[in-house]
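If you want the building blocks of each chain, they are given just below.
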Amino acid sequence: PSFRLLRLQLITPPADVVVKVTGYAWYWGYEYPADQGGGFKFDSNMLEAKDLKPGQTRLLSVDNAMYVPVNKVVKVQVTAADVIHSFAMPSFGVKIDAIPGRLNESWFKAEKEGVYYGQCSELCGNGHPYMPIEIHVVSEQQYAAWLQDAKKKYASVDGPIQL
Ligand SMILES: [Cu+2]
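Residues numbered from 1 in each chain as written. Predicted model: local features only at pLDDT ≥ 70, side-chain atom pairs only at ≥ 80, totals over all residues. Heavy atoms only, no water.

Novice: Which parts of the structure should I look at to understand the side chain of H136?
Specialist: Take H136: it is sitting in strand 10 (residues 133–138). Taking the relative accessible area as the measure of exposure, H136 reaches 16% and is therefore buried. For H136, the side chain forms a polar contact with the side chain of Y67, separated by 3.2 Å. Among the polar contacts made by the side chain of H136, one reaches the side chain of E134 at a distance of 2.6 Å. Dropping the residues within four chain positions of it, H136 is found in contact with A65, M66, Y67, V68, G114 and V115. (Helix = DSSP H or I, 4+ residues; strand = E, 2+ residues; numbered from the N terminus. Buried < 20%, exposed > 50% of the residue type's maximum accessible area, 1.4 Å probe, protein only. Polar contact = N/O pair within 3.5 Å; in protein donor to acceptor, adjacent residues only side chain to side chain. Contact = heavy atoms within 4.5 Å.)

Novice: I tried to follow helix 2 (residues 140–153) on my own but got confused; where do I start?
Specialist: Side chains of residues three or four places apart in an α-helix project in the same direction, reflecting 3.6 residues per turn. Helix length check: helix 2 (14 residues) gives 20 Å between terminal C-alpha atoms against 20 Å at 1.5 Å per residue, within 8%. Within the span of helix 2, buried status applies to Y143, W146, L147 and A150. Angularly, the buried residues of helix 2 cover 110° about the axis, an arc narrow enough to put them on a single face. Summarising the geometry of helix 2, the exposed residues directed more than 90 degrees from the buried face are Q141 and K152. In the core, the buried residues of helix 2 are packed alongside strand 1 (17–24), strand 2 (27–32), strand 3 (40–44), strand 4 (66–69) and strand 10. (Expected span 1.5 Å × (residues − 1). Arc of directions from axis to C-beta.)

Shown next, in the form of structure tokens:
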């Protein structure tokens, strides 16, 4: 019976949203594919303590957070660009290694709107404690609005990416 459970754990349900997550020394990059309203990518860096605004959290808040819609299956494809990192989001029960040359996947379905934090969970050098993950879970309308803004904000010279 345990083998059955282990197998079931590995099945990703049909995804509503796919986000590709790349670990760098020492920040995260997020890519939203064009075929689901994205077509952009951006970097997410920890805010220095001196730049924190009221309500933001030391060592966890970032400049550009990852956004996802509430009550949707979000598949994360996780890799790394330099050394091994690990994408860990305790509130969603997600922890998966980000390995250069390999595309791992995991998924979650957030059932409550809000701001959630995670951290890199594979020792990756000097900046290891300073590459947090910040995910905003928002309503479907807010998500659509964010996609529109993000498309302009993160417009890059290499054009839209396809996953
Ligand atoms: Cu790391």
